[in-house]
Amino acid sequence: MDVDKAEAEKRRIADALEQHGVSDECPACGGRGFALAGYSTMPIQSRPGIGRITSGSGFPVVVTICHQCGYTRSHALRPLGLPEE
């Protein structure tokens, strides 16, 4: 992905988070501002306590990191209206 596309993607994600009322205040340190780390998949266990992940189960998330303390949070793409590609 070239720089212009990467910046446009970051802006699209930031806009989606803002439109859905996501605060840029960190719940851990009270600092302001999160950086976009990238995408990941949140794995889902087939049932609590088994410690195994069912192959192929999970949902895509965007991961953000607090500029001040490094607190990491994730947001599911679908509720934000972002494509799950």
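Calculation criteria
Residues numbered from 1 in each chain as written. Predicted model: local features only at pLDDT ≥ 70, side-chain atom pairs only at ≥ 80, totals over all residues. Heavy atoms only, no water. Helix = DSSP H or I, 4+ residues; strand = E, 2+ residues; numbered from the N terminus. Buried < 20%, exposed > 50% of the residue type's maximum accessible area, 1.4 Å probe, protein only. Contact = heavy atoms within 4.5 Å. Areas by Shrake-Rupley, 256 points an atom, 1.4 Å probe, with all protein chains shown as cover. Expected span 1.5 Å × (residues − 1). Arc of directions from axis to C-beta. Salt bridge = Lys/Arg side-chain N within 4 Å of Asp/Glu carboxyl O.

Novice: When you look at the overall build of the chain in this model, what are you seeing that I'm missing?
Specialist: Within the chain one finds two helices and three strands. The helix and strand sequence of the chain, counted from the amino end, reads α-β-β-β-α. Across the 85 residues that make up the chain, the buried fraction comes to 22%. Taking contacts inside the chain between residues at least 6 apart in sequence as the whole, the part at least 24 apart equals 46%. Summing over all exposed atoms, the chain offers an accessible surface of approximately 5900 Å²; the carbon and sulfur share of this is 51%.

Novice: Help me understand the side chain of glutamate 9, please; the structure alone is not making it clear to me.
Specialist: By secondary structure assignment, the location of glutamate 9 is in helix α1 (residues 3-19). The class of glutamate 9 is buried, set by a relative accessible area of 18%.

Novice: Quick question: what am I supposed to make of α1 here?
Specialist: For an α-helix the count is 3.6 residues per turn, leaving residues at separations of three or four pointing the same way. Along its 17 residues, α1 runs 24 Å from first to last C-alpha, staying within 8% of the 24 Å computed at 1.5 Å per residue. Of all the positions in α1, only Glu9, Ile13, Ala16 and Leu17 are classed as buried. The arc enclosing the buried residues of α1, seen along the axis, measures out at 100 degrees, which places them on a common side. Away from the buried face of α1 by more than 90 degrees, exposed residues Val3, Asp4, Glu18 and Gln19 are located. Among the residues trailing α1, glycine 21 stands out with phi positive, at a value near 80 degrees.

Novice: Quick question: what am I supposed to make of the pattern of salt bridges here?
Specialist: Side-chain pairing between opposite charges can occur once the charged atoms of the two side chains come close. One pass over the structure, following the stated rule, counts five salt bridges. A salt bridge links arginine 11 to aspartate 15; the nearest nitrogen and oxygen atoms lie 2.8 Å apart. With arginine 11 and aspartate 15 both in helix α1 and four residues apart, this pair spans about one turn of that helix. On the basis of relative accessibility, which here comes to 46%, the residue arginine 11 falls in the partly exposed class. Arginine 32 is paired through a salt bridge with aspartate 24; the nearest N and O atoms lie 2.7 Å apart. With relative accessibility at 54%, the residue arginine 32 sits in the exposed group. Judged by relative accessible area, aspartate 24 falls into the partly exposed class, the value being 38%. By sharing partners, the salt bridges in this structure join Asp24, Glu25 and Arg32 into a single network.

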